[in-house]
Each structure stands twice: as C-alpha cells, then as structure tokens.
Amino acid sequence: MNQSPTPEASATDVAGRTAPRRAGRQDWSTWPHYDAAARGLRGYWYPITWASQVTDKPSAFTICGEKLALIRDSGEVYALHDRCPHRGVPLSLGNQQFPGTLSCPYHGWTWNLADGALCAVITDGPSSPIRGKVTVRTYAVEERLGMVWVYIPIGDETPHPIDEQLPPELVSNPFVMGGRIDQRTGNWRFACENGFDEGHAKYLHRTALWRLFKPMPTWNITRIVPQDRWIFRVQDEVHWEADFPGLGKWSNQRWWKKSPPKETFNIGNTGAAKKIDPTIEAQGFPGFASLSAPGVLRIAYPKFIHYEFYVPVDEDSHRYVGVMVNFTHGWRTALFYGKYLGAIRWLFHGQFSGQDAWMVDVTDAPPEKLYRPDVSLTSWRNLVETETTTKLAALETREEAR
Amino acid sequence: MNQSPTPEASATDVAGRTAPRRAGRQDWSTWPHYDAAARGLRGYWYPITWASQVTDKPSAFTICGEKLALIRDSGEVYALHDRCPHRGVPLSLGNQQFPGTLSCPYHGWTWNLADGALCAVITDGPSSPIRGKVTVRTYAVEERLGMVWVYIPIGDETPHPIDEQLPPELVSNPFVMGGRIDQRTGNWRFACENGFDEGHAKYLHRTALWRLFKPMPTWNITRIVPQDRWIFRVQDEVHWEADFPGLGKWSNQRWWKKSPPKETFNIGNTGAAKKIDPTIEAQGFPGFASLSAPGVLRIAYPKFIHYEFYVPVDEDSHRYVGVMVNFTHGWRTALFYGKYLGAIRWLFHGQFSGQDAWMVDVTDAPPEKLYRPDVSLTSWRNLVETETTTKLAALETREEAR
Amino acid sequence: MNQSPTPEASATDVAGRTAPRRAGRQDWSTWPHYDAAARGLRGYWYPITWASQVTDKPSAFTICGEKLALIRDSGEVYALHDRCPHRGVPLSLGNQQFPGTLSCPYHGWTWNLADGALCAVITDGPSSPIRGKVTVRTYAVEERLGMVWVYIPIGDETPHPIDEQLPPELVSNPFVMGGRIDQRTGNWRFACENGFDEGHAKYLHRTALWRLFKPMPTWNITRIVPQDRWIFRVQDEVHWEADFPGLGKWSNQRWWKKSPPKETFNIGNTGAAKKIDPTIEAQGFPGFASLSAPGVLRIAYPKFIHYEFYVPVDEDSHRYVGVMVNFTHGWRTALFYGKYLGAIRWLFHGQFSGQDAWMVDVTDAPPEKLYRPDVSLTSWRNLVETETTTKLAALETREEAR
C-alpha cells in the first residue's frame, strides 16, 4: 500500500458541506458482492434459535431482512414467511386451529405448514373459492447443534445439504456443547470481521478477566492459509513485547501472569498445550483461527473448539451465536458442563465477547484505512467474493439447463 | 377472481434485492382517491374530543395531518390553525389576554377567534403596522353528541351542514350515550375497513369476554346493500359451524353458550331479539352493520346502536371514537348508564375493541389478496371513490360559476 | 412591508396535498449564507465545555456537525477528529498508552496529540509500515473564561487569534464570573435570534420570577446601531402600557412592582441605575443588548454583563453557554459569588432562560412573517451575510496568492 499522509477529515466549506472524498480512501468497491450484502449472504443455512425455544406457539424472527414465523408441529419445525398475503398481518401472531397448519389471527386464513398452501379459510366456509389458490413462502429447516437452522435461498433454488456447510468435525464426531445467542446491534460483516480480525484481540481484550492469568502477544506476523471452504490465520512470528521508537515499551505481560511460551504455536492463542484433544488434533488445522462463509468463526483451543456464527438480521443488527464444543462423551461431559457454566459462559461468552459487541456496535466503515494485520479481513472478503461468484454461475447454468 | 397459485414473497437475488412484483398482486390503483387519502378524506366533519375537554386553556390536535388549536370562549368553541405565522410557534401554547382572542406565547401576536385576523400585537403597540394584515386559518366548529366537531375543508370551500352528515337517527331523536375516545396507531383506513369487515369478527373476537355466553357464526354469505349515503351488510346465509375437508370441524359454539337462533337475522350479530327498540325498528335498516364516509360505522343491536368514528390524525395514527347510544329518556336512562359503566365500557369498548386496535396496528396492505367476504371492503372503497368524485365535480362547478 | 391579508395555511386538495406556497411568504433566500448555515458558521472559535471537565480521559463533543475528541495532556488540551481512520471507531472511547498520545480502543492505533500523526500501531509492532502515513485531523484549542474553545475552520485555513473574536472588554479587564452550559434542542439560529430579539422578552418573560419586582415595558421603538463587529439595539421610545383598539389596556406593571423610570435608557432593560460600573461605562455601549458572529449575545446591566454563546451542535440542537461577568477584584468577588449562586443562577440562568429554551425548541421558520421589532433579526442576518462574504473573499485571495 503506497499511502501518502493525508488528513483524515475531508475539506469542508463555510456551511460545512463536505468536499468530494480524496483519492486513496479505501472503500469496498473491490468486493462488490460483499459490499452489496448488507443484509447477509443468501444461499446459506443460518442458526436461528435454540431448538427448545420453538414450540407449537409460533415465534417471529428476521433473518437476512426476511421475516420468518417458526412453529413446531408433531416434533417437526416449520418456517413460513411471516406475512399473511391477505392483509399483511404477521402469521407469528396466529395459532394452530388444525394439526399441520397455522391460522392467521385476523380472519383464520389457514396455511399448510409443509408447503405453505392455503388449505382453509375459516371465515369463508369449506367452499371458499380462494382455497388452494394462494401460497405463503416456506423455508427449509434443519435441527443441528441443538439449534433450528433455516435456509435463506437465492430466488427459488433448492437448498444444499446442511452438513456440507457445517464445520466437518461437527458432523461426524460425538461432542457436548454450551452456548449463548444474543441479538446485537451492528452489521453482521463487522461482527464477522471482528471475529477473525488478527489485530484487535491482543489490545482490546487486554482487560478481559478471561485473560487475567495468561498474557497475550503484543503483535504477530500472520499469514492466511486457505483450505477447503475455510481460511486459516497462521502465526509466523509472535512478539510478546515491543519498543516503539520515541514512545517506549509496551507489553501484555504482568508479573502475576504465566510466562509466555518460547515457541510459535497455532493451537490456542496463548501457547501450545502439552496434550491436545485427539479429535481436534486429527483435524490438522493449519492455524487456530479459521473462518468460512456465510460467517462462521472457529477458534481451536487444545481441549475444545469455540465457534461463532454471525447471523444477519438487517442492515443494523445481527444475532451472535457463540458455542463452545468439547469432543467428550460419558462421565467427562459433566466436567465440561461444570467448566462451561462455572467460568466459560461468564468470562468468555460474557465479558470477553461483550468487548467485541461494543466495537462491532461503534465500527463505521467504509471509509477505512487497512494495515498489515488486516490481511485477515481482505482474505475473508476475497473468499466471499469468490464463493459468491461461483455460486451465482452455478445457479445460472442450472437455470439455462431447465 | 382468477388467481393462479403464486408464492407470496417475491424472488430475491443474492444480495436480497427484491425483484419487480409479479402480476396478480392486488394494489389500490382501482381506488385512486382512496389510495391518495392516507391522511384522511377532506370535506367532512370530524369529532375531535369531548366537549367538556375544551376550555379557555387551548389544546392541540392533529386531524387529517392538520394542526389545530381548540379553545372555548364565552361558551363557544373555536378552532385555529395551530401555527403562529410569525415564527411558527404553536398557538395552543399561548393563552387569552383579551376576550374573544388567543395570543401567541412568544411575542403576544393576538388573533381574533372568530375570523383569525391579527387584531393586536402586544409587543408592537397599538400602532403596529402589521395589525389586520395577517390571518390565521380558522375552522368551522360544531358541538354534537357531547363532542366538538371540526370541518376539514377542501381548499376554502364552505362546510356543508353537519346534520346532513350525522347518522339521521341521531339528529331528531332523544337519546343517551356513553363512549370512549382513544388515539391509536395504524392508518384510519385500516380502522375503517376493520370495523365494517365481514370476516374477522367471528374469528378474531372468538376469545372476547363480550362473546362469552353468545356464540358467533363461523361463516356467512353476505351481500352489500347501498341506501342513501350508507352501505349495509346483509346476511343471506349464517353458518354456525363448518367441516373443512382434510382438516375437520370448526365452530364458535360451546356447551355453556346460548344456542344460536334457527333463522337468519339482520339486527344484532348473534340472533334476532324478541323485542326491538321502536326507534331502531323505525329506521328500517336493511342490515345490522353499515358504513358511511368519511368513516362512520353503525352496528344496530335490538336495544341500542353502537357507532365508531375513525378520525384520521396522520399516515400512521387515528382517533377511535366509540359511542353506544340508547334511544331512551326519563328514568330509564339510569338503567342504560348502569349497563354502560358496568359492562359495555370494559367488555365492548375495552377488550373487544382492543382486539381490533391490535389488528389495525399490524395490518400492512397493499399488497393484499382479497377473498369473498371482502366485498364489504371493496364496496366501501367504491363508495368513497364515487362520493369523492361527485364532491370534487360539484366544487369545480361552483368554482367556475364564480 | 406591503402585505395583503392572506390566510396562513396554504390551500390543500382533497387528499391534503399542499399547493405551492403563495407569494408574500417570507423565506431566507435574502440571506443565502445564513440559510445554508444550519450546522453553524465555520471560521470561528466556539466554547465547548468547562476547562475542569477536560481531563486525561477523553470526552466527545459534536460542534458544527463535526465530532471532536477532547483530552488534556500535561496541562494542555488537545482536540482530534473523533474517528479513527482505520475502522471508524471514536477515539474518545480510547485512552492514553503513552504520554502525548491517544490510542484507539480497538487496535491501539496511537495518535500524536499535537499534530494528529499516527506515531505507533501497538498491534503491528515497531516496524509497522503504516506508521507516519496517516493523520487524523486536529483542531486549534484555547482556554478562556474557564472554558475550552475550539476553532472550527473553513477548509484548512489558519485560525485567527481568539482575542480578536472575544468581546474586547473580556480580554484586558480583570473579572469574576459564574455560568451554565446546557445542551438544548432547536437550531442555533433560533437560539441566537431569540437572544437578540427585541420583541419577546417583555411578553414571554412577564411570568419569570427574575422580573417579580421590576416591570418590563409593553412595547418599544427600537433602532439597530452597528459598531465594530457588533450590532446594538437602541431604544428610542419605551412604552410601559398600551391601549389596544377594541380590546383594552395591557401592561406589565403591577402594584407591587417598582415604578418604571421616566426617561428612556440603554443600560439594563428596566431603567438606568444611579451608579454604573466604571468598566462597563467605559465601553460606551450604544445600547444594552448587542450581538456578534458567530452567535455571541451581550446584555449590559449597570453592575454586570451577561453573555450568551450559542454553539451549534447539529441541525436540531445547540449548546447554550450563559455567563454572568462582574468586573470586580479583591474581597468584592465574594459578594458577586454570593449573589450569583444565591439568585442569578436559579432565577436568570435557570427559569428565565428556560422560557427561552422552550420557545427555541418550538420555533419553526421559515416560512415566517416579520414585524417591526424584527429589525433586530434582519440586522443580525445581514451582519452574518456581510461578515461571511468578506471572510470567504479573503480566503480566496489568500488561496490565489499561494
């Protein structure tokens, strides 16, 4: 990047009108698909809420700007577009009058959960001429990791199998988990970029209790390694302190914290453990932090893996889904639950993650000026750009083949 | 209606941009005057508030998007445009410095209540050159049914007599009444359509305490009958239960409720009474629910008539004026007040009407898909369209005649 | 002004659409610079907050629509544009990691307070390639009257000396002062016009406790006298009561209030004092109320001077800075502080000024209809127009000379 020193704020005239932005300001035009995806990437599965929260009383969610009514019937979860075509009333305000259906609260328009067909209109009798002539959009639903997932399609495409999208280690191994789902302010892309961001953790989180006894590096030299649908952050150098010319020394080390490890490491972010969980080791992750579309972060620690799913709601908010997974079974699961409920939930999914939520809320880009560690951001945007282009090309081919 | 089954939500591309809406969606282009009247129909009298609420301290109301200051002086109520032409300060924040006037709180610009002329400017002395050279708009005011009514004109037209617009039975008969005025969210047209809507009452209100001991039909076959300035809903068939193919039986009947009447009826909505009030009977209403512009609903029960006036405030809110009228005099009025205050006010004007307020708030149309019972809606929109066209033609003729 | 009587509200058609405004309505096109300055006049010093409020923990302010982070370092106050160029996070959320700098909370981008240069990036180590290549805008800062002042420039102009802008009597004389700073709703121009407005004080403030024992005139004949950068209101006639034809007498006099003075006066607004403070007398003010750009009001009383600074925040809010100055020293300052804290603060800077805040909040112009006393408003707008034109011409000349 060949940047000349330019003042940050643009020139303004007497009335405060802003002059055209100077050259050299970074915008997102290099990533047109990413730039356009303020309300999320379509063509993916998204976790919505805990499976136990979806009952026979419908509930409302907005995902990728789309309003959904979720309801459980005979054990199955169904998702409908949350708008009755009659007069625009949310179906999530209605309830069940017949098994396998959901009725609008206003006039009893009754929708088949399986295919969205209008199967009865209570206030127009059995002979209602409109019956079978209107459909409400339905969404493909799956249950995984104790959560309800919904597929937000591009046009009317058929969803891909959810297991092709999930982190592969979660598809075939037994595990236990604990997690949190919060609705948060800020665009999903800022949440996603914050999660994979190489630079901020060591500085922003220096005051987190989660890091009380373990130091974090001051700065690293990082490389991005792609593998399958994922990109990994690989640390080539880890610097525990730094001496800034004219300013002085800076370090995250304190006398009461553990000494940092001597060697560079790529499992966990504070040093390699003596013993790594065999399932985690078997994955052969090139680095401890990895990211895949449509916004799934994986942080591999020696004994467990932490995942964050950033689920787009609308331009200004997203759902944060944080889960901690332990590849354990039998009586050892009790140990994990104890550790999760006693510490991880409050320190990591609580205060530590709350610092991220704060920054995601106040980030305001573009314009932006990127720096060396932001290779993690640009690699992610490139990944989205490539995957989206491929996806759209495949759809077009299929369309023509019809 | 020749509708083919189409999915409700429009196709969206990868970034969630909505494709042009498909043909067959219903909009309001058939009713251009109605479509344009988001802030209400002009050229009508509207009830604003209880007469007792208007005193010599001015109060502020917005009706049809127009800001009004109401004040009472020597028993008469006056309405001025609630904006001082000097610097835009609301006159309703001012007070009376001289009888027959209202002064702006800021600089004492003093307006004649009768004609809106600037009759003095306190802070510019008796010789103020601007005196008599500015006028604030005034509105025609009447008191009826214990309420203050204001005429919202088209341009500078002269108001028609209010008695030509009131339900005729309220002009010449003695009566007692009780009522409620609430400011509610939702456009006035949704309130109006909800009031006259044939379909919803039987389904939405099935849980209202007001209906605890009386069943309502499941579905009806309904005809709309026009008469003078009104349209009436006439029930040709009343079905107390229905068997929906593939789903099962549905009914509002319960073991503890009265048995429904055998015959079809058109006074009251739960069955014909043995004895009908002679004044109500004398009206010869063709049906129990009727509607007239600019949004007056009349529900004729055997012993009393319930009216709802939907008063436009702005695009997103309206005032609900609900009154229950009993054509009684003498000692019997005490019976009515007891019944009103003991039951009707809480059950009917409260919980029952609150269910309507809920739906009016969440209705979001167009787009919409109408069904057989919506003949009540389309007839109403046609009525508005015709009456407005006639009204505007008459105004044009008068304009040319000048 | 040759005004014909026109109704205030414009004609509206059936749907409430407003017809084009009639001729004769007053807009602000005569004062194009003033009209454009909704977010304040650039090229001036503005008081921001009390000096004691600015510490080594940064604080955020918006002035003229521009976001500022203020911080004190080794006794000096610095102001930076409150936006980290990296990702748009407010610098005011950060803190100091090294003396003479401020670090962004997110990634530790560290800015030199004196010139806004990026002097270190903690999370990218001492060799960070971006170091020295980005600058955040800085603002000139001064401390005067116990407050921090910031210069909001036109483009990248050099600020003029603050003492050239301050009321001259505050530059060279010893004084004591007390004051209030409030953030208030309403555009700064309404605050400014309200402060200098000849007309309202006598009517709006008639109920203020501050005026409990002293009457105010009913109306005056006023002239505006320019002098240096200021305009002064000079009273040629003072009328203590008035008899309005057809309405009656009106007066601010009450039996319990002091009798008004016989002669016209121009120091204080309730009559000339026996003894005027020598410093105030030495100024030779032509009138007791004066105003200068960018919104500084001076009310000269016999014993002290009251100043109001109207500081633009954005289109809809401003900061009110009210200070009462007494040209005293030695033990007499105790008397002033007693008087200020015991009465002036609550009666004058509190309730009296609160009446102004109320009107500034509800003023809504243009359109407007001006009257005779509004010569104070039009003179002020002319002053702004002339001073801005001169200022811009000077800047252009300087620009060409480069």
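Here, every reference points to the structure presented above.
Given the structure is predicted, the values throughout are model-derived calculations rather than measurements. (Residues numbered from 1 in each chain as written. Chains lettered and ligands numbered in written order. Predicted model: local features only at pLDDT ≥ 70, side-chain atom pairs only at ≥ 80, totals over all residues. Heavy atoms only, no water.)

Q: Which residues make up the overall build of chain A, and what values do they have?
A: When helices and strands are tallied, chain A shows seven helices and 19 strands. Viewed in the frame of its principal axes, chain A has a C-alpha envelope of about 85 × 70 × 45 Å. For chain A, buried positions account for 59% of its 402 residues. Partitioning the contacts of chain A with sequence separation of at least 6, the portion at a separation of at least 24 is 62%. For chain A, the exposed area adds up to about 16100 Å²; of that, 53% sits on carbon and sulfur atoms. Averaging the coordinates of the 44 positive side-chain charges in chain A and doing the same for the 44 negative ones gives two points 6 Å apart. (Helix = DSSP H or I, 4+ residues; strand = E, 2+ residues; numbered from the N terminus. Buried < 20%, exposed > 50% of the residue type's maximum accessible area, 1.4 Å probe, protein only. Contact = heavy atoms within 4.5 Å. Areas by Shrake-Rupley, 256 points an atom, 1.4 Å probe, with all protein chains shown as cover. Lys, Arg positive; Asp, Glu negative; His and termini not counted. Charge placed at Lys NZ, Arg CZ, Asp CG, Glu CD.)

Q: Now, about the relation of the copies chain C and chain B: what can you tell me, with residues and values included?
A: The two chain copies are related to each other by a rotation about an axis together with a translation along it. When chain C is fitted to chain B, the best match, at an RMSD of 0.1 Å, comes from turning it 120° and sliding it 0.2 Å along the axis. The two molecules are tied by a three-fold rotation axis, judged by turn and shift. For chain C, the minimum C-alpha distance to the rotation axis belongs to C:Asp316 and amounts to 14 Å. (Least-squares fit on C-alpha atoms with pLDDT ≥ 70 in both.)

Q: Break down the sheet that holds strand β13 (residues 230-239) of chain A for me, citing the residues and quoting the values.
A: Residues and elements named next belong to chain A. Taken together, the seven strands give an open sheet; going across it, the order is β11-β19-β18-β17-β16-β13-β12, and neighbouring strands pair in antiparallel fashion. Unpaired on one side and paired on the other, β11 (176-185) and β12 (219-227) mark the two borders of the sheet. For this sheet, the mean angle separating the axes of adjacent strands, direction not counted, is 20°. Inspection of the sheet shows β13 paired to strand β16 (residues 289-292) by four bridges, in the antiparallel sense. From the neighbouring strand, Phe232 faces β16, where its bridge partner is Ser290. Packed on one face of the sheet, helix α3 (residues 188-196) meets β12, β13, β16, β17 (296-300), β18 (305-314) and β19 (317-326) and runs near 165° to β18. Strand contacts of helix α6 (residues 332-362): β11, β18 and β19, with the helix running at about 20° to β11, the strand carrying the most contacts. (Pairing = 2+ DSSP bridges. Axes fitted to C-alpha atoms, helices over the stretch in contact; angles between N-to-C directions.)

Q: Which residues make up the interface of chain C and chain B, and what values go with them?
A: If you look at the interface, chain C gives 52 residues, while chain B gives 51 residues. Taken over both partners, the interface formed by chain C and chain B buries close to 4200 Å², and the fraction arising from carbon and sulfur atoms is 57%. Across the chain C-chain B interface, the total number found is three salt bridges. One salt bridge in this structure joins B:Arg87 and C:Glu368, with 2.7 Å as the shortest N-O distance. (Buried area = accessible area lost by both parts, 1.4 Å probe. Salt bridge = Lys/Arg side-chain N within 4 Å of Asp/Glu carboxyl O.)

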